[in-house]
2 protein chains.
Amino acid sequence: MSRSKIDLHGMLSNLPLFRELAPNEINDFVAATREVRAERGTVLFRKGDPASGLWIIVYGQVKLSFPSPNGTEKVLQIFGAGQSFGEAVMFLERPAPVYAETLADSLILHLNKQTIFDALAQDPTFARRMLAGMSMRLHQLVQDVESYSLRSAAQRVIGYLLQCDHGPSAQQTTITLPATKNVIASRLSLTPETLSRIFAQLAHEELIEVNGRDIMILDVAKLQAYQ
Amino acid sequence: MSRSKIDLHGMLSNLPLFRELAPNEINDFVAATREVRAERGTVLFRKGDPASGLWIIVYGQVKLSFPSPNGTEKVLQIFGAGQSFGEAVMFLERPAPVYAETLADSLILHLNKQTIFDALAQDPTFARRMLAGMSMRLHQLVQDVESYSLRSAAQRVIGYLLQCDHGPSAQQTTITLPATKNVIASRLSLTPETLSRIFAQLAHEELIEVNGRDIMILDVAKLQAYQ
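Quick notes on the rules
- Residues numbered from 1 in each chain as written.
- Chains lettered and ligands numbered in written order.
- Predicted model: local features only at pLDDT ≥ 70, side-chain atom pairs only at ≥ 80, totals over all residues.
- Heavy atoms only, no water.
- Buried < 20%, exposed > 50% of the residue type's maximum accessible area, 1.4 Å probe, protein only.
- Helix = DSSP H or I, 4+ residues; strand = E, 2+ residues; numbered from the N terminus.
- Pairing = 2+ DSSP bridges.
- Domains from an automatic or database assignment.
- Arc of directions from axis to C-beta.
- Contact = heavy atoms within 4.5 Å.
- Buried area = accessible area lost by both parts, 1.4 Å probe.
- Salt bridge = Lys/Arg side-chain N within 4 Å of Asp/Glu carboxyl O.
- Axes fitted to C-alpha atoms, helices over the stretch in contact; angles between N-to-C directions.
- Parallel < 35°, antiparallel > 145°, perpendicular 65-115°, else oblique.
- Nonpolar A, V, L, I, M, F, W, Y, C, P; charged D, E, K, R; others polar.
- Phe/Tyr/Trp six-rings, centres within 6.5 Å; stacked < 30°, edge-to-face > 60°.
- 1 Å grid on protein atoms, 1.4 Å probe; cavity = no way out; pocket = protein on both sides within 12 Å on 5 of 7 lines; lining within 4 Å.
- Points joined across faces, edges and corners; volume = space filled by probe spheres on them.

1. Re the pairing of strand E7 (residues 99-102) of chain A
Residues and elements named next belong to chain A. Burial of E7 is two-sided: the residues Tyr99 and Glu101 facing one way and the residues Ala100 and Thr102 facing the other way are all buried. As paired strands, strand E4 (residues 61-67) and E7 are joined by 4 bridges and run antiparallel to one another. Within E7, the position partnered with valine 62 by the bridge is threonine 102.

Shown next, in the form of structure tokens:
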């Protein structure tokens, strides 16, 4: 039975690290997880403290920061509900390089590192499943970052195309690119491959038609509104 | 001595998986790495093939896709120079769920899975260092994704503020928000915390001044141009 109203098993199994483990394998980690209720302004650990394990935020907010020599601080990162932190220093057995403080009343889980280390030492398939979970999450995130970058790159290309359009404000219009695609890509700080990919994407969505250097804008308003 | 003109050691040590390993630990992996030169259109593996190891692209492009029942295909992801793929299925010892084909003439490294599995089985600190490298990369990427999302959220907020401005096109102007910040956050599909964070950020950059519901735009043109 659960010793808590929090679904510890569910919280843990949602972390990339544990996502590929079998439900019964997660049970050992549930048993090594402690709930920490911390008011706003609680310091969870200080720079130089030995890394004790993995932290997972159920609700609330935690700030990781460097104390700087002149007394001010530099905030490194802010974590919120569902996020975990402290994995890297835990695995490397290094002292904490930052200090951690709650920015709001928070409920945080702390998973003791020894339990994870024991599991890794006893069974190499554990390590492999943890690495698999991390790999998948990593690939997803890389894809997210790429789609964001590509989206903003597409906006740059669209801005350029609409700026080229000096004709009457028509529904459709054709632009002749004033230079090679490579030159235009470079002017837009894009690789030629990215520019081609964006043209292909916009053509696929029937916003433009590309014939060599001639770009026909099929629907000016729709292109302007493109996300 | 290197057996190749490619800096295999450098390529491997740049992967999140190996970034925390000592240089001499990477040597074993260098020895188990094979160079694959593949013309455009080469199939590296098919759906259902056993996962043989980890793939790293030196140059070129690889497409992972599902063959769909009606004969068309769904492209899952496209990888380019410096990127790796195949980790998750390798670690899980599952057959490939997709097929992989080069989209351009490519040079790809293939690192045999057994060498990685042996390292994991022999020494649990190996697993910990691999997990540490993955953890760090994961946190970086989460931060990237958040900053992208926050940037586009800031653009939504700015769009809203500029739209509210119905006064003469002045350099400075003051807007009184027509509803509570919570209501406006919800209208902009933001959490109230994100809206506050964006207001704080814009105030920090001296673009606006916030006094309760009154938002003074300090420089309309600069706010319009905000990235």
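2. As for the domain arrangement of chain A
The domain boundaries assigned to chain A delineate domain 1 (8-122) and domain 2 (146-224). Domain 1 of chain A and domain 2 of chain A are separated by 45 Å when their C-alpha centres are compared.

3. Some points on the pairing of strand E10 (residues 208-211) of chain B
Residue and element names in this part refer to chain B. With 4 bridges joining them, E10 and strand E11 (residues 214-217) adopt antiparallel strand pairing. Note on E11: the bridge partner recorded for glutamate 209 is methionine 216. The turn linking E10 back onto E11 is made up of 2 residues, and glycine 212 within it adopts a positive phi angle of 60°.

4. Regarding helix H2 (residues 23-31) of chain B
Residue and element names in this part refer to chain B. Taken together, the buried positions of H2 are Glu25, Ile26, Phe29 and Val30. Looking straight down H2, one finds that the buried residues subtend no more than 155° of arc, so they occupy a single side. What points out from H2, more than 90 degrees from its buried face, is the exposed set Asn24, Asp28 and Ala31. Here the buried face of H2 lies against helix H1 (8-13), strand E1 (33-38), strand E8 (106-112), helix H4 (113-122) and helix H5 (124-164).

5. With respect to the interface of chain A and chain B
Opposite the 40 residues of chain A that make contact, chain B presents 40 residues. Across the interface of chain A and chain B, roughly 3,500 Å² is buried in total on both sides, 66% from carbon and sulfur atoms. When the buried surface of chain A facing chain B is broken down by residue, Arg128, Leu131 and His139 of chain A rank first, second and third, together holding 19% of it. Across the contact surface, chain A and chain B share 4 salt bridges.

6. Re the packing of helix H5 (residues 124-164) of chain A against helix H7 (residues 192-204) of chain A
Residue and element names in this part refer to chain A. Two elements in contact, H5 and H7, have axes whose closest approach is 10 Å; the angle formed by their N-to-C orientations is 80°. Taken together, the axes of H5 and H7 lie roughly perpendicular to each other. Residues Leu150, Ala153, Ala154, Val157, Ile158 and Leu161 of H5 pack against Thr194, Leu195, Arg197, Ile198, Phe199 and Leu202 of H7. The class makeup of the residues in the contact of H5 with H7 is 10 nonpolar, 1 polar and 1 charged.

7. Some details on the packing of aromatic side chains
As enumerated under the stated definition, the model contains 12 aromatic pairs over all chains in all. Judged by centre distance (6.2 Å) and plane angle (5°), the ring pair of tryptophan 55 of chain A and phenylalanine 85 of chain A falls under stacked. One end of the pair, tryptophan 55 of chain A, is in strand E3 (residues 53-59); the other, phenylalanine 85 of chain A, is in strand E6 (residues 84-85), with 30 residues separating them in the sequence. No difference in accessibility class separates tryptophan 55 of chain A from phenylalanine 85 of chain A, as the two residues are buried. Ring geometry for phenylalanine 29 of chain B versus phenylalanine 126 of chain B: centroids 5.9 Å apart, planes at 85°, classification edge-to-face. In this pair, phenylalanine 29 of chain B is assigned in helix H2 and phenylalanine 126 of chain B in helix H5, connecting sequence segments 97 residues apart. Residue classification places phenylalanine 29 of chain B among the buried positions, given a relative accessible area of 0%. Judged by relative accessible area, phenylalanine 126 of chain B falls into the buried class, the value being 9%. Here a set of aromatic residues connected by ring pairs shows up, and it is made of Phe45, Trp55, Phe79 and Phe85 of chain A.

8. Considerations on the layout of surface pockets
Reported here for the largest pocket is a volume of approximately 950 Å³. If you trace the largest pocket, you find 27 residues lining it, with Leu150, Glu193, Thr194 and Arg197 of chain A together with Gln61 of chain B closest to the centre. Put simply, the parts of the chain that give the lining of the largest pocket at least two residues each are H5 and H7 of chain A together with strand E5 (73-79) of chain B. Among the elements that make up the lining of the largest pocket, the one with the highest residue count is H7 of chain A (9 residues). Within the lining of the largest pocket, the residues separate by chemical class into 10 nonpolar, 12 polar and 5 charged.

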